[in-house]
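Read off the chains here:
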Amino acid sequence: MTTTTTLAQVYREHPIHLRDIIPLDFNSIRSVPDSHVWPISDDFSSDHQLMVPIIDLKDPNAVKLAGHACKTWGAFQVINHGIHLNLLEEVESEARRLFSLPTQTKMKALREPAGATGYGLARISPFFPKYMWHEGFTIMDSPTDHARALWPTGNARFCDVIERYQKQMKVLAEKLTDLILESLAIFREDLNWDVGSPSTALQLNSYPPCPNPNRAMGLAPHTDTSFLTILYQGSISGLQIFKQGAGWISMLPVTGALVVNVGDLLHILTNARFPSVLHRAVLNQEGSHRVSVAYFYGLPIECSVSPLLKLLDSGENPRYRPVTVKEYVDIKSKYFEEPLTSIRI
Ligand SMILES: C=C1C[C@]23C[C@H]1CC[C@H]2[C@@]12CCC[C@@](C)(C(=O)O1)[C@H]2[C@@H]3C(=O)O
Ligand SMILES: O=C(O)CCC(=O)C(=O)O
Ligand SMILES: [Fe+2]
């Protein structure tokens, strides 16, 4: 019998300290403690007029537009993506219901130090000197075990909504992957992706109202360890992407739209032609409770990823050595800064 590693198992090999998992009790806090104060940055509230592209998936030019957006922005928003607004609203409302539970209930689903799923701070917390104004809930595969811990009875609605969302996100992620590959004139046969099923994860993010939103950080700058990420951010702004030469740019919410981010695996595959986008979440000035839902779509864990030779111009060398997804997740868990530099040739 062959045993296949899962994404959750890879993260299990990188345990983190409980103090980097347990969020603040945001309900009872009246001021920002020093542990959560970040240096003031003038670009917290970006006022750039630049607009990240919004692509209609039914547009006959969608392939070209997606390629251009990946190249120049590393992100775009999609409309007409086939996911009903109803389901988006349901998943947001289930996320809100979860994060509104009393702290001691949420602690029943706390992520274990050597675990990948459950309630807790973002995995990247240990890499920053200050804590984030954030609580998250990570789901890989089935939501049932954690849901039962939170709601011993009456968890059917949560599980039903999450499972429907996971299924539909997978279909959309595959559609977007085909679109992006087509923009590069790459066929699936050029790839070695048949070595297992895609590695996926669903992350519910919560940014509670903050007494001093300019001094705290929602989610610190990072790139996603995925091929692509599909994010639903509801109607409250907070997501910013970093654009070389322009700085931090707000990704303004568009009703029913989904944000697509280029992740590190697509970056490696395209030899940085489609660079993974640095992004962060800043806090809401009006004191609203922001919630977002991210679906990480990755390649099979045993899949080897390297720059596609077909994409290289004459004289262009591959910048990265081949890595398996497992190896890359390992590297990123150890060297959060510059993980891509550590695999440079
Ligand atoms: C499949 C993934 C992707 C993870 C790790 C694991 C589960 C949770 C994801 C996030 C979600 C929040 C931001 C991030 C940076 C974090 O801290 O946890 C993400 C990270 C990554 O993209 O690396
Ligand atoms: O909440 C957001 O807008 C960003 C979330 C994010 O970047 C993530 O979950 O990886
Ligand atoms: Fe992210």
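Fair warning: this is a prediction, and the values are worked out from it, not measured in the lab.

Quick look at the site of ligand 1
- The environment of ligand 1 is formed by 13 residues, the closest being Tyr11, Arg123, Ile124, Asp224 and Thr225.
- Between ligand 1 and Arg123, the relevant distance is 2.9 Å, taken from an oxygen atom to a main-chain nitrogen or oxygen of the residue.
- Within the side chain of Thr225, one N or O atom sits 2.5 Å away from an oxygen atom of ligand 1.
- In a pocket analysis with a 2 Å cut-off to the grid points, ligand 1 is assigned to the largest pocket.
- Elements represented by at least two residues in the shell around ligand 1 include exactly helix 1 (7–12) and strand 5 (200–207).
- Of the residues contributing to the shell around ligand 1, the split by class is seven nonpolar, four polar and two charged.

Section: the packing of helix 2 (residues 62–72) against helix 6 (residues 156–183)
- For the pair helix 2 and helix 6, interaxial distance at closest approach is 8 Å and the crossing angle is 85°. Considered as vectors, helix 2 and helix 6 are oriented roughly perpendicular to each other. Side by side, helix 2 and helix 6 meet where Ala62, Val63, Ala66, Gly67 and Cys70 of the first sit next to Leu179, Ile180, Glu182 and Ser183 of the second.
- Along the lines of polarity and charge, the residues of the contact of helix 2 with helix 6 split into six nonpolar, two polar and one charged.

Section: unusual backbone geometry
- Backbone geometry at Asn80 places phi at a positive 55°, although glycine is not the residue there.
- Tracing the backbone shows Asn80 in the loop between strand 2 (75–79) and helix 3 (85–99).
- Positive phi is not limited to glycine here, since Asn271 has a value of about 55°.
- Within the secondary structure layout, Asn271 lies in the loop between helix 7 (264–269) and strand 11 (279–281).

Comments concerning the sheet that holds strand 9 (residues 247–250)
- If you walk across this open sheet you meet the four strands as 6-11-8-9, and the pairing is antiparallel. If you trace the sheet from one side to the other, it starts and ends with strand 6 (219–222) and strand 9, each paired once. The average undirected angle you get between the axes of adjacent strands in this sheet is 20°.
- Examined bridge by bridge, strand 6 and strand 11 share two bridges and lie antiparallel to one another. Residue pairing in the sheet places Leu219 in a bridge with Ala281 of strand 11.

Digging into the sheet that holds strand 4 (residues 135–139)
- In space, the eight strands of this open sheet follow the order 1-2-10-7-12-5-4-3, with mixed pairing throughout. What marks the edges here is a single partner per strand, and that holds for strand 1 (54–56) and strand 3 (118–120). This sheet shows a mean twist of 25° between the axes of neighbouring strands, independent of strand direction.
- Here strand 1 runs beside strand 2; their pairing, made up of three bridges, is parallel. When the bridges of strand 2 are listed, Ile54 appears paired with Gln77.
- Packing of helix 2 onto the sheet brings it into contact with strand 1, strand 2 and strand 10 (258–262), and relative to strand 1 it is tilted by some 160°.
- Along the sheet, helix 6 makes contact with strand 2, strand 4, strand 5, strand 7 (228–232), strand 10 and strand 12 (290–297), crossing strand 7 at roughly 130°.

Cut-offs applied
- Residues numbered from 1 in each chain as written.
- Chains lettered and ligands numbered in written order.
- Predicted model: local features only at pLDDT ≥ 70, side-chain atom pairs only at ≥ 80, totals over all residues.
- Heavy atoms only, no water.
- Near = heavy atom within 4 Å.
- Polar contact = N/O pair within 3.5 Å; in protein donor to acceptor, adjacent residues only side chain to side chain.
- 1 Å grid on protein atoms, 1.4 Å probe; cavity = no way out; pocket = protein on both sides within 12 Å on 5 of 7 lines; lining within 4 Å.
- Sits in = over half its atoms within 2 Å of the grid points.
- Helix = DSSP H or I, 4+ residues; strand = E, 2+ residues; numbered from the N terminus.
- Nonpolar A, V, L, I, M, F, W, Y, C, P; charged D, E, K, R; others polar.
- Axes fitted to C-alpha atoms, helices over the stretch in contact; angles between N-to-C directions.
- Parallel < 35°, antiparallel > 145°, perpendicular 65-115°, else oblique.
- Contact = heavy atoms within 4.5 Å.
- Pairing = 2+ DSSP bridges.

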